[in-house]
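# Coordinate inspection notes
Here is what each chain is made of, one letter per residue.
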Amino acid sequence: MDKGKGVMVGRRWAVDFTDNSTTPSSRDIPDPPGFIRASHDQDDSTLSRQKKDAEANWKSQKAWEVAQAPFKNLLMMGFMMWMAGSTVHLFSIGITFSALWQPISALQGVGKVFEPYKDRKVDLLGPKLLFIALNLVGLALGVWKLNTLGLLPTHASDWVSSLPPAQVHIFYPTGMQYFLFHWCGSSFAHSETII
């Protein structure tokens, strides 16, 4: 029988590809330089253990990446809050609501966020704590923005109607003081009290 040709056995569509020839086979030809044939002596359990270790390492790296993701959101939200200013208008309220809502919803779904990375060999405590801490910083940033907008009840007069409202001091520069205040950061300014 010629090498490489199949032998039909029993049925018309069944082919036997075993090589029973006496000619030298491809196993006798040396491997090219750089090619290493997997030996049959290597245990399958070591291969599976190496694969599981590599997968656990990958999961650990991805968990840390997910844990650090809120930091990018913090920078973007801080810039947007700065651009919104400290006056109460639709844009600043929308940004502030978003700054409060995103960390709250992220904190509610911590388990779901890290679900794909669960493994006996992967310690998720560190990434989860970092994720929670960064979201709490984001929440604090939103609360700070509420305070700068004057929407937090921080004075006694906010709770008791018979007390006079808190006095707000407004500083505004004029003339040469504008130049000094604006460019030099000086505090030369007129002040007035608004009740």
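As the structure is a prediction and not an experimental result, all values here were calculated from the model.

With that settled, consider helix 2 (residues 90–108). The end-to-end C-alpha distance of helix 2, which contains 19 residues, comes to 27 Å, matching closely the 27 Å that a straight helix rising 1.5 Å per residue would cover. What helix 2 keeps buried is the set Ser92, Ile95, Thr96, Ala99, Leu100, Pro103 and Ala106. End-on, the buried residues of helix 2 take up no more than an arc of 145°, which puts them together on one face. Looking at helix 2, the residues exposed on the side facing more than 90 degrees away from the buried face are Leu90, Phe97 and Gln108.

Another aspect to go through is the nonpolar core. Considering soluble globular proteins, one finds that nonpolar side chains tend to be buried as a cluster. By size, the foremost hydrophobic cluster in this structure holds 10 residues: Ala56, Ala63, Ala67, Ala106, Val110, Phe114, Tyr117, Val122, Leu124 and Phe131. Top element by residues in this core is helix 1 (residues 44–84). It accounts for 3 residues. Apart from residues no more than four positions distant in its own chain, Val122 is found in contact with Ala56, Lys59, Ser60 and Tyr117.

Here the distance between the centres and the angle between the planes together describe a pair of aromatic rings. Using the criterion set out here, one finds 3 aromatic pairs in the structure. For the pair Phe79 and Trp82, a centre-to-centre distance of 6.0 Å together with 40° between the ring planes defines the contact as tilted. In this pair, Phe79 and Trp82 are both assigned in helix 1, 3 residues apart and thus about one turn of the helix distant. In this pair, the class of Phe79 matches that of Trp82, namely exposed. Between Phe97 and Trp101 the ring centres are 6.3 Å apart and the planes differ by 10°, which places this aromatic pair in the stacked class. On the criterion of helical spacing, the pair formed by Phe97 and Trp101 is a turn pair, its members being 4 residues apart in helix 2. Owing to a relative accessible area of 55%, Phe97 belongs among the exposed residues under this scheme. Judged by relative accessible area, which is 47%, Trp101 ranks as partly exposed.

Residues annotated by UniProt as "transmembrane region" (unreviewed entry) correspond here to residues 79–104 and 124–144. Spanning residues 79–104, this segment combines 81% helix with 0% strand, and its end C-alpha atoms are found 20 Å apart. Within the segment residues 124–144, helix and strand shares are 95% and 0% respectively, and the terminal C-alpha atoms sit 30 Å apart.

Conventions used here
Residues numbered from 1 in each chain as written. Predicted model: local features only at pLDDT ≥ 70, side-chain atom pairs only at ≥ 80, totals over all residues. Heavy atoms only, no water. Helix = DSSP H or I, 4+ residues; strand = E, 2+ residues; numbered from the N terminus. Expected span 1.5 Å × (residues − 1). Buried < 20%, exposed > 50% of the residue type's maximum accessible area, 1.4 Å probe, protein only. Arc of directions from axis to C-beta. Core = buried A, V, L, I, M, F, W, Y, C linked by side-chain atoms within 4.5 Å. Contact = heavy atoms within 4.5 Å. Phe/Tyr/Trp six-rings, centres within 6.5 Å; stacked < 30°, edge-to-face > 60°. UniProt positions renumbered as here; feature names shortened; annotations may be inferred.

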